[in-house]
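Letter by letter, the chains look like this.
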Amino acid sequence: MNIKAFSVLTGLSPYTLRYYERIGLLKNIQRNTSGHRTYTNKDTDWVKFILRLKETAMPLENILEYASLREQGDVTQSDRQYLLKEHRKNLKSYIQSQLEHLTALERKIEFYESQKVS
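Residues numbered from 1 in each chain as written. Predicted model: local features only at pLDDT ≥ 70, side-chain atom pairs only at ≥ 80, totals over all residues. Heavy atoms only, no water.

**Re the environment of Ser114**
- Tracing the chain through its elements places Ser114 in helix H5 (residues 77–114).
- Relative accessible area serves as the criterion here: at 52%, Ser114 is assigned to the exposed category.
- Taking C-alpha positions, Ser114 is 50 Å from Trp46, a pair spaced 68 residues apart along the chain. (Helix = DSSP H or I, 4+ residues; strand = E, 2+ residues; numbered from the N terminus. Buried < 20%, exposed > 50% of the residue type's maximum accessible area, 1.4 Å probe, protein only.)

Here you go:
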């Protein structure tokens, strides 16, 4: 598919897709005979994974490291697993912190609701 269709499918702008290619997150993007990028289902799966990492607050530097390891093949599986486990640990900590904030907000709301004068 062309960059416009891929952009719609992934929710990323063509500018962002070109940027990801420039910094090495997207590699080996095929080109048609006129030189336009053509994306595959494999590219779609990879971009969806990148977006999941981004949406869970993995730093771009770590995503780039993961991408570099991925490109090196199966020999780096344990390194990639380690990166993901570290990210999971950070994500769980973040979620726990947010749950604590939510609990505090709910208590404050309950306090205000208990103070209402009928």
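**Here we look at a nonpolar patch on the surface**
- A cluster of nonpolar side chains, contributed by Tyr94, Ile95, Leu99 and Leu102, occupies part of the molecular surface with about 380 Å² of accessible area.
- Of note, Leu99 is situated in helix H5. (Patch = residues over 30% accessible without salt bridge, like charges linked within 9 Å, V, L, I, M, F, W, Y side chains within 5 Å. Areas by Shrake-Rupley, 256 points an atom, 1.4 Å probe, with all protein chains shown as cover. Salt bridge = Lys/Arg side-chain N within 4 Å of Asp/Glu carboxyl O.)

**Description of the packing of aromatic side chains**
- If you walk through the whole model with that rule in mind, you get six aromatic pairs.
- When the centroid spacing of 6.1 Å and the interplanar angle of 20 degrees are considered together, the rings of Trp46 and Tyr66 count as stacked. You can see Trp46 sitting in helix H3 (residues 41–55) and its partner Tyr66 sitting in helix H4 (residues 60–72), a full 20 residues away along the chain. Considered together, Trp46 and Tyr66 belong to a single accessibility category, that of buried residues.
- Between Phe49 and Tyr66 the ring centres are 5.4 Å apart and the planes differ by 45 degrees, which places this aromatic pair in the tilted class. Of this pair, Phe49 sits in helix H3 while Tyr66 sits in helix H4, and the two are 17 residues apart along the sequence.
- Of the aromatic side chains, those joined through ring pairs into one cluster are Trp46, Phe49 and Tyr66.
- The ring of Trp46 has Arg70 lying over it, and the distance from NZ or CZ to the ring centre is 3.8 Å. (Phe/Tyr/Trp six-rings, centres within 6.5 Å; stacked < 30°, edge-to-face > 60°. Lys NZ or Arg CZ within 6 Å of the ring centre and 35° of its normal.)

**Some remarks on the side chain of Asp43**
- Among the structural elements, Asp43 can be located in helix H3.
- No salt bridge is formed by the buried Asp43; the nearest opposite charge belongs to Arg70, separated by 6.8 Å.
- A polar contact of 2.8 Å, which involves the side chain of Asp43, links it to the backbone nitrogen of Thr40.
- Once you skip the residues sitting within four places of it in the chain, Asp43 turns out to touch Phe6, Ile29 and Thr38. (Lys, Arg positive; Asp, Glu negative; His and termini not counted. Polar contact = N/O pair within 3.5 Å; in protein donor to acceptor, adjacent residues only side chain to side chain. Contact = heavy atoms within 4.5 Å.)

**Here's the deal with unusual backbone geometry**
- Of note, the phi angle at Asn28 is positive, near 55 degrees, even though the residue is not glycine.
- Relative to the helices and strands, Asn28 resides in the loop between helix H2 (14–23) and strand S1 (30–31).
- For Asn28, a relative accessible area of 64% gives the class exposed.
- At Ala57, a residue that is not glycine, the phi angle is positive and equals roughly 70 degrees.
- Structurally, Ala57 is set in the loop between H3 and H4.
- On the accessibility criterion, Ala57 (61% relative accessible area) is exposed.

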